[in-house]
Amino acid sequence: MDPEGESPSAVATVHATDNKNADQNLTKIFKTDFDAKYNIVDIPTPLNAFMSGQYKRSYAYSTLQNELPVVLTKVIDSITKEKNELVAQFAPTNFVQNSREELKIIIGLISRLKYELQTDKPFQQFNGDEPDREQWNNFITHLPEEGRTYYRACCMHTQSYMYRKLYSFVENSIFLKEFDFFAKIKEQSLTKSQNEILSLSKYTRRTEHSLEMFSELLKYNLWSNRGDIGDNDAHIFNMKVLDDFTTLDQYILANNSKEIWNCLCTRRSNRHRVDIVVDSAGFELFTDFILAEYIIEKGMAEKVCFHVKAHSGFVFNATARDFDFTLKYLSNHSDYIISLLGRKFLEFCKQDKFELSPTSYFWTSPNAFHCMRSFEPELYTSLQRSKLIIFKGDLNYRKLLSDVCWESSQDMKTCLGGFVPSNLCAVRTIKSEVICGLRAGFCDDLLKQEPQWMSSGKYGLIQYVDGSREFGY
Ligand SMILES: O=P(O)(O)OC[C@H]1O[C@](O)(CO)[C@@H](O)[C@@H]1O
């Protein structure tokens, strides 16, 4: 018996309950403290405001709270686990110790980055050899002081900044310059999709030149963008894509496939190039190749240019390395059909039918796309020669729309803020509240039934903007 006359087990139960209550209270206090300390307000993103972590009922807040710190933790865990492998891969044998030290420093820098994110610190200047250092430092300097921290900044700025800093750690290293933190997971997302790759390869041989077939391909392309960071494995394409895709039609909230088809089929244009601003590596990039193959083979363009990222601006973002890896993987595949297709794509590259565009840092910059004309005029001018620019994925969509919470029925052209270098389309599954071009009231009605619909990735859009007036033919 204890001094109070209760049995030890009863005391333990009481204490356990007390502890649980205390924990719950503490969590409440900490949450409230966090919100108070960092001026988080418990509202959704107001209309016409930038997406930002300061609005608690937004995907931006949950991205900052749940997604980004997890990404950093996983990066730390994986490089800690794979230390020996990395050293063996990147360091000359007589520098093993030095490269171990370097890895330790990098791990420390990532932990610090995570701390700064979780305590809403201001963005720091870049001091290394980053090719885009000046642009970044200018950008940070010109941000208003109250919009220069992780939670207060526009979410698109915060995400771009965090991934840029992360990459700068290896970029400024001696031994690990070539290391991509996410290479392995991107490669796995490709290799684990080999069944889908095979089905889609078989299905898309000897296709018809028809709107029906084209819009089917656009749909595969759309749904391959369904993955999300919440669960890395969920990114691995796991839909029976060829079996049940028509049941997904109800989730496509805007579908301008016909307008895109008309744009591609027009003979009036003297533009013979299509551009794809790609998003994720893995199965999604494969579906981009399939779409591009169709465009070339049906004579809708002479060339398809692929724009990849200089580094991962989000875990799965495709880089030049992923582009090459995918082509090699396909062409060396043990399945005859896949390898034949891979070799065909390689041949397309040689014949200039597929082109990997020179890597531009603009795509991973914090800027919305309407800034391209003044910040990256060469890229803008080059895109003006395109017959159609296809923007893939959620993040590109947010950059098209300046990461603003538009009225959901707003016309897309208005939201682009003057960015119409040519005809363009967006193919994106919806993972954030940045949206436009829907029927008035639709968004609110769906919110009542499915409060999380805008961040679930369950819904998609295929939207088109005619730029012919802008470039006048
Ligand atoms: O690969 P996508 O389609 O750009 O989607 C990834 C993005 O979606 C989000 O979850 C919401 O925008 C981001 O946090 C993430 O960067």
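Residues numbered from 1 in each chain as written. Predicted model: local features only at pLDDT ≥ 70, side-chain atom pairs only at ≥ 80, totals over all residues. Heavy atoms only, no water.

Remarks on the overall build of the protein chain
Here comes step 1: Looking only at helices and strands, the protein chain has 20 helices and seven strands in total.
Here comes step 2: Residues classed as buried in the protein chain amount to 55% of the 473 residues present.
Here comes step 3: In the protein chain, once contacts between residues fewer than 6 apart in sequence are set aside, the share between residues at least 24 apart is 77%.
Here comes step 4: When the accessible surface of the protein chain is totalled, it reaches about 21600 Å², and 51% of it is carbon and sulfur. (Helix = DSSP H or I, 4+ residues; strand = E, 2+ residues; numbered from the N terminus. Buried < 20%, exposed > 50% of the residue type's maximum accessible area, 1.4 Å probe, protein only. Contact = heavy atoms within 4.5 Å. Areas by Shrake-Rupley, 256 points an atom, 1.4 Å probe, with all protein chains shown as cover.)

Some details on the pattern of salt bridges
Here comes step 1: Throughout the structure, instances matching the rule amount to 25 salt bridges.
Here comes step 2: Connected through salt bridges with shared partners, the residues Asp 180, Lys 186, Glu 187, Arg 321 and Asp 322 form a single ionic network. (Salt bridge = Lys/Arg side-chain N within 4 Å of Asp/Glu carboxyl O.)

Quick look at the site of the ligand
Here comes step 1: Taken together, 15 residues are adjacent to the ligand, and Gln 159, Asp 279, Asp 394, Leu 395 and Lys 431 come closest.
Here comes step 2: Here an oxygen atom of the ligand and a side-chain polar atom of Glu 67 are 2.9 Å apart.
Here comes step 3: If the ligand stood free it would expose 400 Å²; the protein chains cover 98% of that surface.
Here comes step 4: Counting residues per element, the ones that place at least two in the shell around the ligand are α2 (59-81) and α17 (393-400).
Here comes step 5: Of the residues forming the shell around the ligand, the biggest block, four residues, is contributed by α17.
Here comes step 6: Class assignment of the residues belonging to the shell around the ligand gives a composition of three nonpolar, six polar and six charged. (Near = heavy atom within 4 Å. Polar contact = N/O pair within 3.5 Å; in protein donor to acceptor, adjacent residues only side chain to side chain. Nonpolar A, V, L, I, M, F, W, Y, C, P; charged D, E, K, R; others polar.)

Describing the packing of aromatic side chains
Here comes step 1: Tallied over the full model, the rule gives 38 aromatic pairs.
Here comes step 2: Here Phe 362 and Phe 369 contribute two aromatic rings whose centre-to-centre distance is 6.1 Å and whose plane-to-plane angle is 40°, an arrangement assigned as tilted. Of the two residues, Phe 362 and Phe 369, both sit in the buried class.
Here comes step 3: In this structure an aromatic cluster arises from ring pairing among Phe 123, Phe 126, Trp 136, Phe 139, Tyr 150 and Tyr 161. (Phe/Tyr/Trp six-rings, centres within 6.5 Å; stacked < 30°, edge-to-face > 60°.)

Focus: the state of the cysteines
Here comes step 1: Applying the stated criterion across every chain yields a total of zero disulfides.
Here comes step 2: Cys 349 carries a free sulfur, and the closest cysteine sulfur to it, the one in Cys 305, is 11 Å from it.
Here comes step 3: Relative accessible area serves as the criterion here: at 24%, Cys 349 is assigned to the partly exposed category. (Disulfide = S-S within 2.5 Å.)

Here we look at helix α11 (residues 257-265)
Here comes step 1: Listed as buried for α11 are Ser 257, Ile 260, Trp 261, Cys 263 and Leu 264. One side of α11 carries all its buried residues, which in axial view fall inside an arc of 160°. (Arc of directions from axis to C-beta.)

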